[in-house]
Amino acid sequence: MVKVESGNCDFYKGRWVYDKSYPIYDSSQCPFIPEGFGCVANGRPDKEYLKYRWNPTGGCDPPKFDGLNFVKIFKGKKIMFVGDSISQNQWVSFTCMIHASIPNAKFTTAYGLPLNNQWMSSVNFTDPEYDMSILFNHKPFLVDLEETPERILKIDTISTGDAWKEVDVVIFNTWHWWFHKGRLQHWDKIQEGNKTYKDIDNRTVAFAKGLTTWSTWIDNNIDPDKTRIFYQGISPTHMKGKDWGFPHTSCADHTTPFNGTTYPGIPEPGVTVLKEVLSQMSNPVILLDVTTMSQLRKDAHPSHYANKDGTSRDCSHWCVAGLPDTWNRLLYASIILRQK
């Protein structure tokens, strides 16, 4: 496991500061934002949440995002985000950041197309000087989910990972779907080896099992000389204000980040599990350790503005433009620093 660090600096420790020069692009000019992430287009009246810049402690700033430079480096290459809708959130942000850097470049899009039995979307920049594909593979558990006739989560198998071998950079994520219950639960049974059972009561244990399956698959199947592997750290939610000192509120009631460098609420339980699994891997995996910086952004969710009629209450995903742009700045920094 590796973090983006420079000397004694940790780019993931810091605070949010107000910066009138933000955001770094105009979301109304990005053609890739779906309704669920388009807070400005959906009528969010306050724009102050767009004006915050991540400021790492110790006076060390990561390189600024340079989309034109990235496209030049990755000419003829592919970058893929793999996971649930939080991965999609980051993928959309990344495509917007690249598009803002080369606004006149030609591109094609494909959404939800089957590829090797997988749900795949892509933005492909097609000009010869900007030839690059940015893909999103919807794979919320990373492990196999067989959906006919019953939905069976095969917690110890990955049979559709071949597409991951064919890209130059891949960013993985899984977390939220492991904890969905009731009508939101996405499996009817869990299969592990020759055993099939209804559920695993401790969902953190289930998450650890699935993540370990993924880590073993990566170690056995990915060539680190060909494919750089990242893991998107666990993205928090802000659904219950009592969890972070604001009873009777949710993300919808807040328009500014937390002050300071420390999140006052309960820690995300999956972070410890994630770091333990990554530490046991033989392949180098770079962790985008975004949990704490994201916990500090109670203001940056779509909340009522995940749809145009204002009926949503989304405190899980993030507005674009917004917080995921910072995740991608740190992704860019990690790639560029290691490129040098």
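Provided above is the structure to which this section pertains.
Chains are numbered independently. Their residues run from 1 in the order of the written sequence. Note on the predicted model: pLDDT of at least 70 is required for a residue's local features to be given, and 80 or more for side-chain atom pairs to be given and counted; whole-chain, interface and lining totals, by contrast, use all residues. Only heavy atoms go into the side-chain values, all of them from the structure, while hydrogens and water stay out.

### Focus: the state of the cysteines
- Disulfide: a pair of cysteine sulfur atoms within 2.5 Å of each other. Enumeration over the complete set of coordinates arrives at three disulfides.
- Note on cysteine connectivity: cysteine 30 is disulfide-linked to cysteine 96, with sulfurs 2.0 Å apart. With the S-S bond torsion at -85 degrees, the cross-link from cysteine 30 to cysteine 96 turns out left-handed. Note that cysteine 30 is positioned in the loop between β3 (14–18) and β4 (52–56) and cysteine 96 in helix α2 (residues 85–101), a separation of 66 residues in sequence.
- To sort residues, take the accessible area from a 1.4 Å probe on protein chains only and compare it with the maximum for the residue type: under 20% means buried, over 50% means exposed, and anything in between is partly exposed. The class of cysteine 30 is buried, set by a relative accessible area of 10%.
- Judged by its relative accessible area of 1%, cysteine 96 is buried.
- Between the sulfur atoms of cysteine 39 and its disulfide partner cysteine 319 the distance amounts to 2.0 Å. Numbering of helices and strands runs from the N terminus; a helix is a DSSP stretch of H or I covering at least four residues, while a strand is a stretch of E covering at least two.

### What about the sheet that holds strand β13 (residues 195–197)?
- Read from one edge of the open sheet, four strands run β9-β10-β12-β13, paired in mixed fashion. Strand pairing shows two members of the sheet lacking a second neighbour, β9 (144–146) and β13, which therefore form its edges. The sheet shows a mean angle of 25 degrees between the axes of neighbouring strands, taken without regard to direction. DSSP bridges decide pairing: two strands pair if at least two such bridges lie between them. To get an axis, fit a line to the C-alpha atoms, keeping to the stretch in contact for a helix; angles then go from 0 to 180 degrees between the N-to-C directions.

### What about the side chain of aspartate 168?
- By the element assignment, aspartate 168 lies in the loop between β10 (152–154) and β11 (169–172).
- Within the structure, the side chain of aspartate 168 is placed 2.9 Å from the backbone nitrogen of lysine 78, a separation counted as a polar contact. Throughout this description, a polar contact denotes any pair of N or O atoms lying within 3.5 Å of each other; where both atoms belong to protein, one of them has to be capable of donating a hydrogen while the other can accept it, and for residues adjacent in sequence the pair is counted only when both atoms sit in side chains.

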